[in-house]
Amino acid sequence: MNIVVCIKQVPDSAATLKVEEPSNVSWGDALLIINPWDEYAIEEAIRLKEKFGGKVTVLTVGTEQSKEALKQAVAMGCDEAHLISDPAFVGSDALAMTYILAQAIKQLGEVDLVAFGKQAIDSDTGLVPAGVARRLGWPLLSYIAKIDEIDPAGKSLKVTRLLEQGRQSVSSKLPVVITAVKEINEPRYPSFMNIRKAGKLQIPVLDAAAIGADVSKLGATQAATQWLKVFPPPARTGTVEMISGDSPQAIAVTLADKLLAEKVI
Amino acid sequence: MDFQLTEEQQYFRRLVRDFAEAELKPRARHTDEAAEFNWLAVKKMGPIGLLGLNVPEDYGGAGVDAVSAAIAIEEIGRGCGSTGLAIAAHNGLGCGPIVLFGSEELKQKFLPPLATGSGKLGALALTEPGAGSDLAGGVQTFAQHEGDEWVIQGNKMWCTNASSADTIVTLCRTDRSGGSKALSLILVPTNTPGLIIAPAEKKMGLKGSPTHAVTYDNVRVPYEYLVGKEGYGLQHTLQVLDGGRIGIGALSIGLAQAAYEEAIKYAKERHTFGVPIAQHQAIQWMIADAATQIEAARLLVYKAAWLKANGKPFTKEASMAKLFATEVSEKVCFNAIQIHGGYGYSAEYPVERIYRDQRLMTLGEGTSEIQRLVIARNVLT
């Protein structure tokens, strides 16, 4: 199978974010990581490759710094990596990002499956996978908790989607775009052997021309959405009351009474 | 001169630290209290390469340089001392002799399952009831060459990993006439009839790393299971121990680092006289000393590892690194409890466990006294 995984480099979830006027978010020099949801997509892609053969290509849109995320994906077991980078991309919104990624995927020959994490932990829109599927003209299977069956030769698959209402079983034709939720697998750790391979890997950089992108559709001025204002959520208010008592039972009774009085239970 | 780790080494450190934070540290207390080997985490180490640090890729290992291997052991030890000892012993002592001296057949047969984690661990049996530091004169376990077999008879003590191992490389006397060519290393699969592994010893610390007495009652293995040259068992062992000492030095740094970090955390949280105790000079001095000592010990360990990686003599430096790092660890862990006050004596706080764990470091793989002897012999010749 020829599988593509699209990943995003994001600030570590432990980073302290600051909002700077008017609409800029900064995370200082915090560690940058692969969006944690994307790790599930990478793991699933590697498992499919291990089962059916083929290769896994990982893509990201970003700057030179984003090569670190790509190297980590290779250290986990992806075979190839491409950085998609061009000054014309700066300021692109989710809509433009779907165009960039779809153009890049079209350069990679016959692809059976494109995998994403369900959303990125920084912007949290979850829009890009759907947009890429639309532009490629492929079905989107989002929130996949399990690939139940896949038949690369017969070009079909059956999956379980994890929705708020419950689980949904869906079958589809390949090629397809999927997004992974954490129930799908347990991402592996990188290996020393693959880290060495990643260290030696020359990562090709694809610019707008290389992916055949029309730059007039890209950048901040062409974005369909704009960030008018960014502000941190208001600090939580409330008080803490420590409950004491002679025994754990007595403390539990007091706690239950208070929760009943507050109509929490 | 360059004190900077390579990009690859920095990546290794981050990887093993992440692994230890997620898989070892949260379970370290249980591993110790229940004296339960953390197989779950150890099985996950195989695919990462942590079980074949010194094993070439051709035999399923990671084949990393000695500095990276030291970093890996340090970070595992920072997460869990018991698991750190088991993995240091597996890599350095269990796999080490086969990698260094084993025949091609032995390497192909035994290294892949050891290095990939598809099998169990490796162990080395040297010490006997009457032979610790004095292996040359003290080893009584005898291997008789009969036909195409070795027949082994004897007793070993303090064998780390014996009950979690597939292989025990055993130091045996093969020539009763004595002399420096009287010992040999022989690989004994643990499923060989006549090999009896006693229940785990009850120890002060490192309880999640089982240590056993092993009895060889007419144990028969093929002659080809000889590791290295017949009669060179002592020389081979000393060379294996040189590498193992870097591992124990690295493990000691990991333990010291863990205790030091706990002490800092506690010093910032605990208030006396209206301020966090970290603001009292008495505490600051202990923390400053710990920071300095750990840094110095780490440099010595990395230097010895660097010499090894670059094919230079490192016997003296490995002994210096082991001696210094283990004694630093003792001081740092002692003061980490001191900073915690009475709470540090409680099993509720990790420093109590770490202090017990580190106590072995100045004893195993050559006591501090033996290290001084090695250093003195190297300096005075």
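The structure this text deals with has already been given above.
This section reports on the structure supplied with the text. Quantities reported herein were computed from a predicted structural model and do not represent experimental measurements.

As a further point, take the overall build of chain B. Counting secondary structure elements, chain B contains 11 helices and 10 strands. C-alpha atoms of chain B, sized along the principal axes, occupy 80 × 45 × 40 Å. Counting only residues that meet the buried cut, chain B has 56% of its 381 residues in that class. A separation threshold of at least 6 residues defines the contact pool for chain B, and within that pool the share at least 24 residues apart is 73%. As displayed, chain B has an accessible area near 16000 Å², and 55% of this comes from carbon and sulfur atoms. Computed over 37 positive and 41 negative side-chain charges, the inter-centroid distance for chain B is 4 Å.

With that settled, consider the overall build of chain A. Check the secondary structure of chain A and you find six helices and 13 strands. Dimensions of chain A, computed from the C-alpha atoms along their principal axes, are close to 70 × 45 × 40 Å. Looking at the 265 residues of chain A, the share that counts as buried comes to 43%. A fraction of 70% describes how many contacts in chain A between residues 6 or more apart in sequence connect residues 24 or more apart. Looking at chain A as shown, the accessible area adds up to about 14400 Å², and 54% of this sits on carbon and sulfur atoms. Positive and negative side-chain charges in chain A, numbering 28 and 31 respectively, have mean positions lying 5 Å apart.

Residue and element names in this part refer to chain B. Helix H10 (residues 350–358) packs onto helix H1 (residues 7–33) with a crossing angle of 60° between their chain directions and a minimal axis gap of 11 Å. When the axis of H1 is compared with that of H10, the two are oblique. Judged by the twist between their axes, the crossing of H1 over H10 is left-handed. Residues Ala-28, Arg-29 and Asp-32 of H1 touch H10, and the partners they reach there are Arg-353, Arg-356 and Asp-357.

This part is about the packing of aromatic side chains. With the rule as written, the count across this model stands at nine aromatic pairs over all chains. With centroids separated by 6.3 Å and ring planes inclined at 40°, the aromatic side chains of Trp-37 of chain A and Tyr-40 of chain A adopt a geometry described as tilted. Remark: Tyr-40 of chain A and Trp-37 of chain A occur in helix H1 (residues 36–52); sequence separation between them is three residues, near one turn of the helix. For Tyr-40 of chain A, a relative accessible area of 17% gives the class buried. Taking 4.9 Å as the distance between ring centres and 70° as the angle between the ring planes, the aromatic pair formed by Tyr-189 of chain A and Phe-19 of chain B counts as edge-to-face. Linking Tyr-189 of chain A in the loop between strand E12 (176–180) and helix H5 (192–200) with Phe-19 of chain B in helix H1, this pair reaches from one chain into another. Here the guanidinium or amino end of Lys-118 of chain A rests over the ring plane of Trp-37 of chain A, the centre of that ring lying 4.5 Å away.

This paragraph deals with the interface of chain B and chain A. Contacts between chain B and chain A engage 23 residues on the former and 13 residues on the latter. Here chain B and chain A share an interface that buries about 1500 Å² over both sides, 61% of which is from carbon and sulfur atoms. For the chain B face of the interface with chain A, the top three residues by lost area are Tyr-11, Leu-15 and Ile-48 of chain B, together amounting to 34%. Where chain B touches chain A, the interface holds three salt bridges. Across the salt bridge formed by Glu-57 of chain B and Arg-196 of chain A, the nearest N and O atoms sit 2.5 Å from each other. Contributing elements (two or more residues each) for the side of chain B that touches chain A: H1 and helix H2 (39–48) of chain B. When residues in the side of chain B that touches chain A are grouped by element, the largest group, 11 residues, is from H1 of chain B.

In this section: unusual backbone geometry. For the peptide bond that leads from Leu-174 of chain A to Pro-175 of chain A, omega is -5°, which places it in the cis range. Along the chain, Pro-175 of chain A turns up in the loop between strand E11 (166–173) and E12. Its identity as a non-glycine residue notwithstanding, Leu-206 of chain B has a phi of 50°, on the positive side. On the secondary structure map, Leu-206 of chain B appears in the loop between strand E6 (195–197) and strand E7 (211–222).

So, how was this worked out
- Residues numbered from 1 in each chain as written.
- Chains lettered and ligands numbered in written order.
- Predicted model: local features only at pLDDT ≥ 70, side-chain atom pairs only at ≥ 80, totals over all residues.
- Heavy atoms only, no water.
- Helix = DSSP H or I, 4+ residues; strand = E, 2+ residues; numbered from the N terminus.
- Buried < 20%, exposed > 50% of the residue type's maximum accessible area, 1.4 Å probe, protein only.
- Contact = heavy atoms within 4.5 Å.
- Areas by Shrake-Rupley, 256 points an atom, 1.4 Å probe, with all protein chains shown as cover.
- Lys, Arg positive; Asp, Glu negative; His and termini not counted.
- Charge placed at Lys NZ, Arg CZ, Asp CG, Glu CD.
- Axes fitted to C-alpha atoms, helices over the stretch in contact; angles between N-to-C directions.
- Parallel < 35°, antiparallel > 145°, perpendicular 65-115°, else oblique.
- Left-handed = near helix turned anticlockwise from the far one by under 90°.
- Phe/Tyr/Trp six-rings, centres within 6.5 Å; stacked < 30°, edge-to-face > 60°.
- Lys NZ or Arg CZ within 6 Å of the ring centre and 35° of its normal.
- Buried area = accessible area lost by both parts, 1.4 Å probe.
- Salt bridge = Lys/Arg side-chain N within 4 Å of Asp/Glu carboxyl O.

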